[in-house]
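Tertiary structure, described
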Amino acid sequence: MKIINPATEQIISEVEVDSPEVIQSVWEVLADGQRRWAKISMRERLKAIERFYELLDQQQDDLAHTLTSEMGKPLNQAKGEVQGARSRISWFLEHAEKYLADEWIEQEAGNGQMIRWDPLGVVGNISAWNYPYLVGVNVFIPALLAGNSVMYKPSEYATLTGLKIEELLHQAGIPRNVFQMVTGGKEAGEAMLDLPLDGYFFTGSNRTGQYIYERVAKKMVPCQMELGGKDPLYVSADNKNIAAVAQAAAEGAFYNAGQSCCAVERIYVHHSLYEAFTEAFVAETKTFKIGDPLAEDTFIGPLARKAQVEFLQKQVGDAVIKGAEILAGEERWRDKGYYFIPTVLGDVTHSMEIMTEESFGPIIGIQAVKDDAEAIELMQDTQYGLTAAVYADQWKSAEPILRQMRTGTVYWNCCDRLRPGLPWSGRQHSGIGTTLSYLGVRSFAQPKAFHLNGIWT
Ligand code: NAD
């Protein structure tokens, strides 16, 4: 498999893809390793993860450079991602043990009721490229701490990063028969689906997610999905500092070139503020430095995948034919690389794909609404359910709207963010199951109910 730098379109490396036979033998090794790993104390497991946490910091610059070279994320954002992953790991290091400890429900003499959290076994993690560290640690850190072994398949667009993660985990003391990376794209993922793994944890597109969910169904094992979104942001009439709101919204839409699952994907603005907001939003967008992702001051690098350039052009074309106005982004990038200039569209409606289908790139539509009721109706006009944001000066303006959202996460005066103590989950077509928080620790364990009839101490 050729690894291409999306900024230069040059081949930077070639790696060997794992065949189904190799992947089968990796599973055999991991099944053996898991039985031993489950018997190792939580303290030992925590120690290894703590060393991984330190290694990420020591090698931050090298790791960020690799990530930038293979998927185009600006270097500063790549460093930010490594540090973001460390802060999640730190949360797991502090909290995982208590959420996986034996839980007494009744503890009277002769009558004990207890829940014990058993590992699942060998779990498969099929992952995405847009935040390989963040979406990776959401899964493999709690999975390892809970006593599972992990077959990890990073996206083919984050292969070199996946190899680094594997190397550092082994260096940190996670045994080779407890964590193994599988190299490859769709075919390697398919080979994992053919194996009798004890749980499947997927991060990626809705289309692949639905396919995997159906394939895994017959196995009757946990199958968790973190999928895409079409996340709305609403600017209500209750906003005085419109410049600050526009600045936050533009960053939420265009950070990582819009390639975030919880990126702001569509914006609704109360009609009284529409003009002021779009003007400030466009002005902010035009300040973003686009170019070489290795340059310190670049905010927008190339897209990770060539095909996405055409996909975004089609969404913009569809909107323009149906009456949208291009407010920013008409000019095209002429140099090499999969660049797409941040594009802002006004006068959009829900007849346009840009307002209904995930874009996953630096394009955004802004629509005026007459009141909160119309905003709610349009925000809900989707099959996705990842996040929704409301900007309003007062909580009492935002809360009734957020309460009605059918999404796993809602934001008041912020957007495009996660916190490790809170559950990360999508509803409807955005996913099934939870990572992060105590719920996301227990996603990698199964409860066993103990009924104790006798004296146990
Ligand atoms: P993708 O669905 O194309 O690929 C994801 C993974 O699935 C890759 O590792 C790929 O090799 C593998 N794969 C592809 N076809 C397969 C098959 N038939 N069988 C088994 N495995 C297969 O998604 P992507 O482009 O890597 O990621 C972008 C998507 O991920 C976006 O939709 C984004 O919103 C979503 N995402 C969601 C979250 C979240 O937390 N909800 C986080 C990051 C990304």
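Below you will find a few notes about this structure. All residue numbers here refer to positions counted from 1 along the written sequence of the relevant chain. Only residues with pLDDT of 70 or above have their local features reported here, since the model is predicted, and side-chain atom pairs are shown and tallied only from 80 upward, although totals for entire chains, interfaces and linings are computed over all residues. Side-chain numbers come from the whole structure's heavy atoms, not from hydrogens or water.

1. Here's the deal with unusual backbone geometry
- You will see that glutamate 9, though not glycine, has its phi angle at about 65°, which is positive.
- Runs of H or I in DSSP of at least four residues are treated as helices and runs of E of at least two as strands, each being numbered from the N terminus. Summarising the element assignment, glutamate 9 is placed in the loop between β1 (2-5) and β2 (10-14).
- With a relative accessible area of 29%, glutamate 9 lands in the partly exposed category.
- Its identity is not glycine, yet aspartate 416 carries a phi of approximately 50°, on the positive side.
- Summarising the element assignment, aspartate 416 is placed in the loop between β16 (409-412) and β17 (431-432). When a residue's accessible area, from a 1.4 Å probe over protein chains only, is under 20% of the maximum for its type it is buried; when over 50% it is exposed; and in between it is partly exposed.

2. Here's the deal with empty space enclosed by the protein
- Method remark: on a 1 Å grid restricted to protein atoms, a set of points is classed as a cavity if a 1.4 Å probe fits but cannot get out and as a pocket if it is open with protein on both sides within 12 Å along at least five of seven lines; lining residues have an atom within 4 Å of a point. Grid points are joined across faces, edges and corners, and a volume is the space filled by probe spheres set on the points. Overall, the coordinates contain three cavities of 30 Å³ or more when judged by the stated rule.
- Here the largest cavity defines a volume of roughly 70 Å³.
- Lining the largest cavity are 16 residues, and of these Met379, Thr382, Tyr384, Gly385 and Thr407 lie nearest its centre.
- Each residue belonging to the lining of the largest cavity can be placed in one class, and the counts come to six nonpolar, six polar and four charged.
- Counted as a void, the second largest cavity has a volume near 60 Å³.
- In this structure, the second largest cavity is lined by Thr203, Met225, Glu226, Leu227, Cys261, Leu386, Trp424, Ser425, Gly426, Ser430 and Gly433.
- Partitioning the lining of the second largest cavity into residue classes produces five nonpolar, five polar and one charged. By the convention adopted, Pro, Cys, Tyr, Trp, Phe, Met, Ile, Leu, Val and Ala count as nonpolar, Lys, Arg, Asp and Glu as charged, and the other residues, Gly among them, as polar.

3. Regarding the site of the ligand
- What makes a residue near a molecule or strand is one non-hydrogen atom of that residue sitting within 4 Å of it. In the vicinity of the ligand lie 30 residues, with Glu156, Ser205, Thr208, Leu227 and Glu358 positioned nearest.
- A distance of 2.7 Å is found between an oxygen atom of the ligand and a backbone nitrogen or oxygen belonging to serine 127.
- Within the side chain of glutamate 156, an N or O atom sits 2.7 Å from an oxygen atom of the ligand.
- Residue burial considers only the protein chains on display, and all accessible areas are found by Shrake-Rupley using a 1.4 Å probe. Isolated, the ligand exposes 860 Å² of accessible area, and the fraction of that covered by the protein chains is 92%.
- Here the criterion for a molecule occupying a pocket or cavity is that more than half of its atoms lie within 2 Å of the pocket grid points. Cavity membership is defined here by more than half of the atoms lying within 2 Å of grid points; on that basis the ligand lies in the largest pocket.
- In terms of residue count, helix α7 (residues 186-194) provides more of the shell around the ligand than any other element does, four residues in total.
- In terms of residue class, the shell around the ligand is made up of 13 nonpolar, ten polar and seven charged. Each polar contact in these results corresponds to two N or O atoms within 3.5 Å; when the atoms are within protein, one needs to be able to donate a hydrogen and the other to accept it, and residues that are neighboring in sequence are counted only if both atoms are side-chain atoms.

4. Some points on the pattern of salt bridges
- For this analysis, a salt bridge means a side-chain nitrogen from Lys or Arg found within 4 Å of a carboxyl oxygen belonging to Asp or Glu. Scanning the model with the defined rule gives 19 salt bridges in all.
- A salt bridge links glutamate 44 to lysine 47; the nearest nitrogen and oxygen atoms lie 3.3 Å apart. Of the two residues, glutamate 44 and lysine 47 both sit in helix α2 (residues 42-58), three residues apart, roughly one turn of that helix.
- Accessibility expressed as a relative area gives 40% for glutamate 44, which makes it partly exposed.
- Here the salt bridges share partners, and the residues they tie into one network are Asp32, Arg35 and Arg36.

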